[in-house]
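What follows is each chain in one-letter form.
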Amino acid sequence: MLNVSIVLYNPDWEQLVDLTHSLLQSDKVDHIYWIDNSPLAAPRLPMSSPRVVYRHNHRNLGYGAAHNIAIRESIYDNVPYHLVVNPDILVAHESIDEMLDF
């Protein structure tokens, strides 16, 4: 019902994993896209989930263009809602339900 995109640039992986875990607690989140604008791709991802999709760009596309990659995936998959978040927050899964109910 909802996809999420997080744009990365040399991320704090621990912070990103915490955010991702908080989002995965909601059964309303279908996919979480990590769109990486960092110069080098992650040599090893700090977590694995079929609901997390990692995409590395070969150059820094910018914040908006990177989110557009994931938004296009949501449109293609007919997912009705897409949430854009920064990697330095946490989201309570109840908040996802409240947001979608609104």
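Scroll up a little and you will see the structure.
In this report, the structure presented in the accompanying data block is examined.

## Quick notes on the sheet that holds strand 1 (residues 2–8)
Then comes step 1: Strand order in the open sheet made by the 4 strands is 3-2-1-4, with parallel pairing throughout. At either margin of the open sheet sits one strand with a lone partner, and together these are strand 3 (52–56) and strand 4 (81–85). Taking the axes of each pair of neighbouring strands and ignoring which way they run, one obtains an average angle of 20° across the sheet.
Then comes step 2: Bridge count between strand 1 and strand 2 (residues 29–36): 7 bridges; the pairing is parallel. Across the sheet, Asn-3 pairs through a bridge with His-31, a residue of strand 2.
Then comes step 3: Each of strand 1, strand 2, strand 3 and strand 4 touches helix 2 (residues 63–76); the most contacted strand, strand 4, lies at about 155° to it.

## Things to note about the pattern of salt bridges
Then comes step 1: In this structure the tally under the stated criterion is 2 salt bridges.
Then comes step 2: Notably, a salt bridge pairs Lys-28 with Asp-97, separated by 3.4 Å at the nearest N-O pair. Here Lys-28, found in the loop between helix 1 (13–24) and strand 2, pairs with Asp-97, found in helix 3 (residues 93–101); they are 69 residues apart in sequence, far enough to count as distant.
Then comes step 3: Among the residues examined, Asp-97 registers a relative accessible area of 24% and is labelled partly exposed.
Then comes step 4: The shortest N-O distance in the salt bridge between Arg-55 and Glu-73 comes to 3.9 Å. One end of the pair, Arg-55, is in strand 3; the other, Glu-73, is in helix 2, with 18 residues separating them in the sequence.

About the thresholds
- Residues numbered from 1 in each chain as written.
- Predicted model: local features only at pLDDT ≥ 70, side-chain atom pairs only at ≥ 80, totals over all residues.
- Heavy atoms only, no water.
- Pairing = 2+ DSSP bridges.
- Helix = DSSP H or I, 4+ residues; strand = E, 2+ residues; numbered from the N terminus.
- Axes fitted to C-alpha atoms, helices over the stretch in contact; angles between N-to-C directions.
- Contact = heavy atoms within 4.5 Å.
- Salt bridge = Lys/Arg side-chain N within 4 Å of Asp/Glu carboxyl O.
- Buried < 20%, exposed > 50% of the residue type's maximum accessible area, 1.4 Å probe, protein only.

The values reported here are purely geometric and, on their own, carry no functional implication.
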